[in-house]
Amino acid sequence: MNTELFSKVDNYISSLLAVEDEALKNTIASLNNNRIPQQSISPNQGKFLQVLIKACNAKNALELGTLGGYSTIWIARALAEDGKVITLEFDEHHAKVAQENIDNAGLSHKVEIMVGKALDILPSLIADQIAPFDFIFIDADKPPYAKYFEFALKLARKGTIIVCDNVIREGKVLDKNSDDEKVKGVQILNEMLSENNKVTSIILQTVGVKEYDGMVVAVVN
Ligand code: SAH
Ligand code: DHB
Ligand code: MG
């Protein structure tokens, strides 16, 4: 794979269309400073989410997996001015650093971080009847991805866009005998989607500054 060329072209695109401001750059820097893994989406992927959010005129968004709040910031900025993103994060340390980054970006009024396991919080979101969300980004732990998608459908309406990160995993999804729990999790989701008539969906392969991977893009029928 021509990873060097893919990275150079990714940087060419982001220098034109996905330029990071100080708040986004500081968020990436905060991960190293706080020993948090560099698993944020790339600038171009952030801009891609913004294009989808604008396309569906989203006001309310749900995110699974906050990390340091990098993707949260891209999402929050694209939402309508009175819009809001609820983002779920299991790790208290990640949530604390994310809150600082979101405050620093001036987005506290648009973001609510809920700390806990997504599978524990999602039923309470259904019970609280704050759905439907207009845009849902699934990017937490990979083994329960299919369960997360089922919850997303319960929290969605016709036209809601659902995006799932990391569903190709450097092509490891081709290995039917993989014993990697992350690979197995996304394989179950991808196969479930092939039989799911509640959504119109596709997987985009992604190359660039991050490892070779892919994103599900689905719209609820
Ligand atoms: N969306 C972020 C990256 C998320 S990385 C970005 O692009 O900037 C995945 C995050 O999911 C990590 O912070 C991890 O702590 C969190 N996570 C892992 N298991 C989880 C669970 N069961 N519920 C909620 N969050 C979880
Ligand atoms: C992993 C998780 C992510 O969300 C990501 O974008 C890259 C890697 C991981 O858990 O390996
Ligand atoms: Mg991810």
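Not measured: the values here are computed from a predicted model.

This part takes up the site of ligand 2. Around ligand 2 sit Gln39, Asp139, Lys142, Asp165, Asn166, Arg169, Lys182, Lys210 and Glu211, and those are all the residues in its vicinity. In the model, an oxygen atom of ligand 2 is placed 2.7 Å from a nitrogen or oxygen of the lysine 210 side chain. Here ligand 2 loses 85% of its free accessible area of 300 Å² to cover by the protein chains. Its atoms largely coinciding with the cavity grid, ligand 2 occupies the largest pocket. Looking at the shell around ligand 2 residue by residue, the class counts come to no nonpolar, two polar and seven charged.

This part is about the pattern of salt bridges. For the coordinates displayed, the defined rule picks out ten salt bridges. Among the ionic pairs, lysine 8 bridges to glutamate 4, the shortest N-O distance being 3.6 Å. Taken together, the residues span about one helical turn, with lysine 8 and glutamate 4 both in helix 1 (residues 3-17) at a distance of four residues. One exposure class covers both lysine 8 and glutamate 4, and it is exposed. Measuring nitrogen to oxygen at the nearest pair gives 2.6 Å for the salt bridge that ties aspartate 21 to arginine 77.

One pass over the full model with this rule turns up two aromatic pairs. Considering the side-chain rings of tyrosine 70 and tryptophan 74, the 6.4 Å spacing of their centres and the 65° angle between planes classify their relative orientation as edge-to-face. Of the two residues, tyrosine 70 and tryptophan 74 both sit in helix 4 (residues 70-78), four residues apart, roughly one turn of that helix. Like tryptophan 74, tyrosine 70 is buried. Here the aromatic rings of tyrosine 145 and tyrosine 148 are separated by 6.5 Å at their centres, their planes lie at 55°, and the arrangement is tilted. In this pair, tyrosine 145 and tyrosine 148 both sit in helix 7 (residues 145-154), three residues apart, roughly one turn of the helix. Considered together, tyrosine 145 and tyrosine 148 belong to a single accessibility category, that of buried residues.

Moving on, we get to the coordination of the magnesium ion (ligand 3). Within the protein, the magnesium ion (ligand 3) binds to Asp139 (OD), Asp165 (OD) and Asn166 (OD1); these donor distances fall in the range 2.1 to 2.2 Å. Given the relative accessible area of 13%, aspartate 139 is considered buried. Taking relative accessible area as the criterion, aspartate 165 reaches 2% and is therefore assigned buried.

Moving on, we get to the sheet that holds strand 3 (residues 111-115). Spatially, seven strands are ordered 3-2-1-4-5-7-6 in an open sheet, and the strand pairing comes out mixed. Two strands bound the open sheet, and with one partner strand each, they are strand 3 and strand 6 (199-206). The sheet shows a mean angle of 15° between the axes of neighbouring strands, taken without regard to direction. Pairing between strand 4 (residues 135-138) and strand 5 (residues 161-164): four bridges, direction parallel. Of the residues in strand 5, the one forming a bridge with phenylalanine 135 is isoleucine 161.

Procedures and definitions
Residues numbered from 1 in each chain as written. Chains lettered and ligands numbered in written order. Predicted model: local features only at pLDDT ≥ 70, side-chain atom pairs only at ≥ 80, totals over all residues. Heavy atoms only, no water. Near = heavy atom within 4 Å. Polar contact = N/O pair within 3.5 Å; in protein donor to acceptor, adjacent residues only side chain to side chain. Areas by Shrake-Rupley, 256 points an atom, 1.4 Å probe, with all protein chains shown as cover. 1 Å grid on protein atoms, 1.4 Å probe; cavity = no way out; pocket = protein on both sides within 12 Å on 5 of 7 lines; lining within 4 Å. Sits in = over half its atoms within 2 Å of the grid points. Nonpolar A, V, L, I, M, F, W, Y, C, P; charged D, E, K, R; others polar. Salt bridge = Lys/Arg side-chain N within 4 Å of Asp/Glu carboxyl O. Helix = DSSP H or I, 4+ residues; strand = E, 2+ residues; numbered from the N terminus. Buried < 20%, exposed > 50% of the residue type's maximum accessible area, 1.4 Å probe, protein only. Phe/Tyr/Trp six-rings, centres within 6.5 Å; stacked < 30°, edge-to-face > 60°. Donors = N, O, S within 2.8 Å, 3.2 Å for Na, K, Ca; no water. Pairing = 2+ DSSP bridges. Axes fitted to C-alpha atoms, helices over the stretch in contact; angles between N-to-C directions.

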